[in-house]
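Below are the chains, spelled out letter by letter.
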Amino acid sequence: MATQFPDDFKCPISLEIMSDPVILPSGHTFDRPNIQRWLDAGHRTCPLTKLPLPEHPSLIPNHALRSLISNYTLPSPTQLHHHQQQEQQRRHSQPQTLISTLTSINSTLESMLDSLDQLNRLSKRDSAFRAKLTESGAVAAVLKCVDSDEPSLQEKALTLLLNVSLDDDNKVGLVAEGAIARIVAVLQGGSPNSRAVAATMLTSLAVVEVNKATIGSYPYAIRALVSLLRDGKGREKKEAATALYAICSFPDNRRRAVECGAVSILIRIADSGLERAVEVLGLLAKCKDGREEMQRFSGCVRILVRVLENGSSRGVQYALLTLNSLCHFSEKMCMEARKEGVLAICVSLVEDDNEKIRKNASYLIQVLNHSII
């Protein structure tokens with residue numbers, strides 16, 4: 001009997017299992033190399049919906065799906081048959097039994113954890129089960145578990161909500177049911193693992209445009225992410241930066257992030273090697289307040305130059321984008337960029353294979369040369 005990966009794991013362009021799934025502004029997920037080639041070819045529509053995309057569409061890593069793919073293993077035929085029987089029985093049963101365990105005052109912690117484990121296993125690969133879960137009113141019960149002081153219960157409940165949010169139809173519904181308040185509370189006082197999942201949850205919710213505005217305007221949401229960026233460890237910092245990137249693609253949220261002190265923290269983290277911080281800086285440099293904060297940070301240009309010299313293709317792209325914004329509006333930053341050798345670096349980058357790098361490098365050369373005149 002042939003075994004197959006779930007179709008959700010396959011890129012709609014290549015129909016192959018995705019190794020680096022990313023989300024387009026349209027809300028659909030593609031493997032990064034395939035969608036990047038589509039965009040580099042000049043297309044500015046979603047390959048699936050044909051709806052128009054922004055001139056510089058953001059590609060948000062789909063960490064939840066990537067984790068599901070990496071943890072998925074194909075069973076043997078015997079295991080598959082047994083697994084299919086179990087899954088069929090579970091799917092035909094109503095999730096209400098498992099949910100009632102979460103709401104009952106007589107339930108033990110162990111039974112609640114077991115129920116969440118089962119719900120997580122069923123929901124992470126089955127969109128039909130996720131739909132049944134939301135229709136059953138389960139979200140309210142799971143949100144109450146997120147309020148728990150028990151770290152393991154809180155983390156498993158957040159993971160379940162993250163699974164539910166994989167479907168775009170559920171993203172607005174989760175916000176309407178009060179998910180943001182719980183997520184922010186976890187960002188402020190949860191365990192390290194729970195804080196990382198909470199940040200990933202915000203990234204998932206922010207795929208929907210209206211949620212970006214709602215999250216940004218929610219008291220302490222962006223401030224909590226900035227605090228996690230400053231005080232968290234490796235995974236927490238990375239997830240916080242990814243969430244800020246998703247949220248700050250909405251222009252009003254850039255000023256809010258700057259007001260929360262994000263710029264200096266992002267620059268320091270970029271200097272330590274987290275390139276996702278450079279991506280956020282590229283967005284914040286599009287607003288006046290963000291540029292002014294970067295100009296005040298001694299050594300900002302030098303740090304961006306190090307990314308140009310040693311960073312990945314994506315890191316170089318966003319370092320150029322940030323420098324373009326800074327130098328376009330400030331003669332002082334132009335002088336500093338020339339002093340740090342940016343002009344020579346850009347000359348070498350105009351031959352790069354990446355179209356966006358070539359374009360940004362060419363534009364920065366024009367800006368720097370124009371400032372000399």
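Treat the numbers as computed from the prediction; the structure is a model and nothing was measured.

**Q** I tried to follow the overall build of the protein on my own but got confused; where do I start?
**A** Secondary structure summary: the protein contains 23 helices and three strands in total. Oriented by its inertia axes, the alpha-carbon framework of the protein measures out at about 75 × 45 × 30 Å. Within the span of the protein, comprising 373 residues, buried residues form 51% of the whole. Of the roughly 17200 Å² of accessible surface on the protein, a fraction of 51% belongs to carbon and sulfur atoms.

**Q** Explain helix H21 (residues 331-339) to me, please; I cannot follow it from the model alone.
**A** For H21, the complete set of buried residues consists of Met333, Cys334 and Ala337. Seen along its axis, H21 keeps its buried residues to an arc of 105°; they face one direction. Across from the buried face of H21, at angles greater than 90 degrees, the exposed residues are Lys332, Met335 and Lys339. The opening residue of H21 is Ser330, an N-cap whose side-chain oxygen sits 3.4 Å from the backbone nitrogen of Lys332. Gly341 occupies a position one or two residues after H21 and carries a positive phi of about 85°.

**Q** I would appreciate a short explanation of the pattern of salt bridges in the present structure.
**A** Any two side chains of opposite charge can pair, given that their charged atoms come close. For the structure on display, the rule yields 17 salt bridges. Here Asp20 ties to Arg66 by a salt bridge, and the two come within 3.4 Å at their closest N and O atoms. A residue pair is termed long-range when its members are at least 10 positions apart, and Asp20 in the segment before strand S1 (21-23) and Arg66 in helix H2 (residues 63-71) qualify at 46 residues. Note on Asp20: relative accessible area 19%, which makes it buried. Ionic contacts of the salt-bridge type, sharing partners, join the residues Asp20, Arg32 and Arg66 into one network.

**Q** Any chance you could explain the sheet that holds strand S2 (residues 29-31) here in plain terms?
**A** The strand order across the open sheet formed by three strands is S2-S1-S3, and the pairing between neighbours is antiparallel. For this open sheet the edge positions go to S2 and strand S3 (60-61), each flanked by a neighbour on one side alone. Judged from the three bridges that link them, S1 and S2 form a sheet pairing that is antiparallel. For Pro21, the partnering residue across the bridge sits in S2 and is Asp31.

**Q** Help me out: how do you make sense of the packing of aromatic side chains in this one?
**A** We describe a pair of aromatic rings using the distance from one ring centre to the other and the angle between the two ring planes. By the definition in use, this model includes one aromatic pair. Measuring from ring centre to ring centre gives 5.9 Å for Tyr245 and Tyr318, while their planes differ by 80°; the resulting arrangement is edge-to-face. Taken together, the residues Tyr245 in helix H14 (residues 234-247) and Tyr318 in helix H20 (residues 313-329) connect sequence positions 73 residues apart. If you follow Arg291 out to its NZ or CZ, it ends over the ring of Phe329, 3.8 Å from the centre.

**Q** Can you help me understand the nonpolar core in this one?
**A** One broad trend across soluble globular proteins is that nonpolar side chains are buried collectively. If you look at the biggest cluster of nonpolar residues, it comprises 107 residues, and the most contacted ones within it are Leu187, Leu225, Leu284, Met294 and Leu320. Setting aside residues no more than four positions away along its own chain, Leu225 makes contact with Leu187, Ala199, Leu202, Ala240, Ala243, Leu244 and Ile247. Counting 14 residues, the second-largest nonpolar core is a separate cluster that includes Phe9, Met18, Val22 and Phe30.

**Q** Looking at this model, I keep getting lost on the layout of surface pockets. Mind explaining?
**A** Any empty space left between atoms is shown by rolling a water-sized probe over those atoms. In this structure, the second largest pocket occupies an estimated 550 Å³ of space. Of all the secondary-structure elements, those providing two or more residues to the lining of the second largest pocket are H2, helix H9 (168-176) and helix H11 (192-205). Ranked by residues supplied to the lining of the second largest pocket, first place goes to H2 with four residues. Its residues assigned to classes, the lining of the second largest pocket shows 13 nonpolar, nine polar and eight charged.

**Q** Honestly, the side chain of Arg254 in this entry has me stumped. Any pointers?
**A** The residue Arg254 is located in helix H15 (residues 251-259) in this model. This buried residue, Arg254, is left without a salt bridge; Glu209 holds the nearest opposite charge, at 8.3 Å. Reaching out from Arg254, the side chain makes a polar contact with the backbone oxygen of Ser249 at a distance of 3.4 Å.

**Q** It is not clear to me how empty space enclosed by the protein should be interpreted in this structure. Could you clarify?
**A** Under the defined criterion, the tally for this structure stands at one cavity of 30 Å³ or more. In terms of lining residues, the largest cavity is bounded by Ile23, Leu24, Pro25, Ser58, Ile60, Val207 and Lys212. Taken together, the residues of the lining of the largest cavity break down into five nonpolar, one polar and one charged.

**Q** I'm lost on the environment of Leu158 in this one. Help?
**A** If you trace the backbone, Leu158 turns up in helix H8 (residues 151-164). Sequence separation between Leu158 and Asn120 is 38 residues; the distance between their C-alpha atoms is 10.0 Å. Leaving out residues up to four positions away in the same chain, Leu158 has contacts with Val146, Val186, Ser194, Val197, Ala198 and Met201.

**Q** Quick question: what am I supposed to make of helix H18 (residues 288-296) here?
**A** Because an α-helix completes one turn every 3.6 residues, residues spaced three or four positions apart along the sequence face the same direction. For H18, the complete set of buried residues consists of Gly290, Arg291 and Met294. Across the axial projection of H18, the buried residues extend over an arc of 95°, all falling on one side. In H18, the exposed residues that point more than 90 degrees away from the buried face are Lys288 and Arg296. Of the surrounding secondary structure, the elements contacted by the buried residues of H18 are H15, helix H16 (262-271), helix H17 (275-284), helix H19 (300-310) and H20.

Quick notes on the rules
Residues numbered from 1 in each chain as written. Predicted model: local features only at pLDDT ≥ 70, side-chain atom pairs only at ≥ 80, totals over all residues. Heavy atoms only, no water. Helix = DSSP H or I, 4+ residues; strand = E, 2+ residues; numbered from the N terminus. Buried < 20%, exposed > 50% of the residue type's maximum accessible area, 1.4 Å probe, protein only. Areas by Shrake-Rupley, 256 points an atom, 1.4 Å probe, with all protein chains shown as cover. Arc of directions from axis to C-beta. Polar contact = N/O pair within 3.5 Å; in protein donor to acceptor, adjacent residues only side chain to side chain. Salt bridge = Lys/Arg side-chain N within 4 Å of Asp/Glu carboxyl O. Pairing = 2+ DSSP bridges. Phe/Tyr/Trp six-rings, centres within 6.5 Å; stacked < 30°, edge-to-face > 60°. Lys NZ or Arg CZ within 6 Å of the ring centre and 35° of its normal. Core = buried A, V, L, I, M, F, W, Y, C linked by side-chain atoms within 4.5 Å. Contact = heavy atoms within 4.5 Å. 1 Å grid on protein atoms, 1.4 Å probe; cavity = no way out; pocket = protein on both sides within 12 Å on 5 of 7 lines; lining within 4 Å. Points joined across faces, edges and corners; volume = space filled by probe spheres on them. Nonpolar A, V, L, I, M, F, W, Y, C, P; charged D, E, K, R; others polar. Lys, Arg positive; Asp, Glu negative; His and termini not counted.

Everything listed is a geometric property; what it means functionally is a separate question.
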